[in-house]
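Examination of the molecular architecture
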Amino acid sequence: MNYSTLKKGLAVSFVALMGATTLANAQETPATSSSAKVFGGRAQYRSWSIGVNGGVLSPFVAIGGTNDFNKMDVNLGYGLSLRKQLGHAFGLEGNIFRGKVSGTNNPGPDALGGGVKGFETEMQYAIDLRGVVNVATVDFLRRENSVNFFVTAGYGLVAYNPIVDGKDNKGKFGENGDKDFIKEAYIPVGAGVKFKVSDRVSFNLGYTMHFIDGDNFDGVYAKATTKDKFSYGYAGLEFSLGSKSKPNLDWVNPLALMYDELKDPSLRQEVEALKTRVSNVEKSVEDLKKDSDGDGVADQFDKCPGTPAGVAVDGSGCPLPKVEVAVVDNSNVTGFERIQFEFNSSVLKTESYPTLDKLSSVLRNGGGKVTVNGYASSEGTAAYNLKLSKDRANSVKTYLVNSGVNASQVITKGHGEANPIASNDTEEGRIQNRRVESARN
């Protein structure tokens, strides 16, 4: 195991912890009230804490396993911790501790052979970074806990010197020119319980197993390939840092906070105001839909309320004026009346339909032929007016043929500006000259 690489990795981990928490604090908006909210962010809580601890170090772990020595000695250890709580249930904790681990073999055949009777390993330091999970933060039974359980796991580095049967082994196992202590990585896994003493202080009891990435912690290599381990059972005090106007995030129950928010008087007032607004909107919608006279126009927009049923109304609910249809007497139409056109147009006017229908009936029932003569007023060139007069005559022929007249019965001619029936110097005269005249052959 390369010591310098491990040391750099741990340094990066601690720097990352400090940088991440500093950035998180910088991005959070400071709390403006001492009452915490569920979605108010970490800035409304105390989230930093520092702890001191002391306890018993042992070469054995609770889960068992192989050991080079079969009897432990009682040795004291001590340490410091710094923790940043990132949420109600999870935090990151840095730990450093020191102490001595020792063990012996009972009289008789020893476990190792070779007459090795005991060891004593002095730890210069053990440093690690752990994740801490609070198990009982969310509580459905209590508003605020006074007891909480936690589990931990992480990664660390230990520097130590083993002494076997009183013989100092400094320099025997050192790497990279380090002749004082052996450096090995280890994995800490633990659990514990904490008791709330006050808003700032908690009393912790914990147990951590340390699995070392090597087999020289006790200064002896076993015959089989194994990894050494040791445990630390401890008690300690933890002190919450920060403003005392803020609650400690370790002990906050988010369910109780949510309940308090739902029961907050200002929130209930907002809900009641919103319900009133919704009721008013619903009433306004019903008023908009109300149509007392059933004419299809809501009362709010009906300018003529009380319209009798069946009467057609306009958009404001008032009756539409009655339209009287003029009856045209076509009894005197011969079919040879003059047909007028608009300026520069060969489109038939609807007023000419009775004359054309009569002419169609004459041709279909009496036979014979008819010549349709088209004319134009003097606006524009003579060539254009000649073409326009032919188009007007052809429009009449098309109408007659579509009504059932044989095409051979209709002859068309265009005369252009010739044969005016009124002066082209006046608008009234030009209107009369835009015409078609039909004559029986």
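The structure presented is a predicted model; accordingly, all values stated were derived computationally and were not measured.

So, on to the environment of Tyr 375. Of note, Tyr 375 is situated in the loop between β12 (370-374) and α5 (382-402). On the basis of relative accessibility, which here comes to 6%, the residue Tyr 375 falls in the buried class. The sequence separation of Tyr 375 and His 415 amounts to 40 residues, and the corresponding C-alpha distance is 5.4 Å. Those residues in contact with Tyr 375, other than ones at most four positions away along the chain, are Ser 389, Arg 392, His 415, Gly 416, Ala 418, Asn 419, Asn 433, Arg 434, Arg 435 and Glu 437.

Residue-level pLDDT values for the protein average 83, and 84% of them are 70 or greater. pLDDT under 50 marks residues 1-34. Its contacts with residues more than four places away, or in other chains, come to 41 contacts.

Buried together is how nonpolar side chains tend to be arranged in soluble globular proteins. Leu 57, Phe 97, Val 101, Met 123, Phe 217 and Phe 230 are the most contacted members of the largest nonpolar core, which has 21 residues in total. Residue assignment for this core shows that the elements contributing at least two residues are β4 (90-104), β5 (118-134), β6 (147-164), β8 (182-196) and β10 (229-241). Membership of the second largest hydrophobic core comes to 14 residues, among which are Ile 339, Leu 356, Ala 393 and Val 410.

On a regular strand, each side chain points to the face opposite its neighbour's, so the side chains alternate between the two faces of the sheet. Pairing of strand β1 (residues 48-58) with strand β3 (residues 75-85) involves ten bridges; the strand directions are antiparallel. Within β3, the residue paired with Ile 50 across the bridge is Leu 82. Here β3 pairs with β4 via nine bridges, running antiparallel. Paired with Leu 82 across the strands is Gly 94, a residue of β4.

About the thresholds
Residues numbered from 1 in each chain as written. Predicted model: local features only at pLDDT ≥ 70, side-chain atom pairs only at ≥ 80, totals over all residues. Heavy atoms only, no water. Helix = DSSP H or I, 4+ residues; strand = E, 2+ residues; numbered from the N terminus. Buried < 20%, exposed > 50% of the residue type's maximum accessible area, 1.4 Å probe, protein only. Contact = heavy atoms within 4.5 Å. pLDDT = per-residue confidence, 0-100. Core = buried A, V, L, I, M, F, W, Y, C linked by side-chain atoms within 4.5 Å. Pairing = 2+ DSSP bridges.

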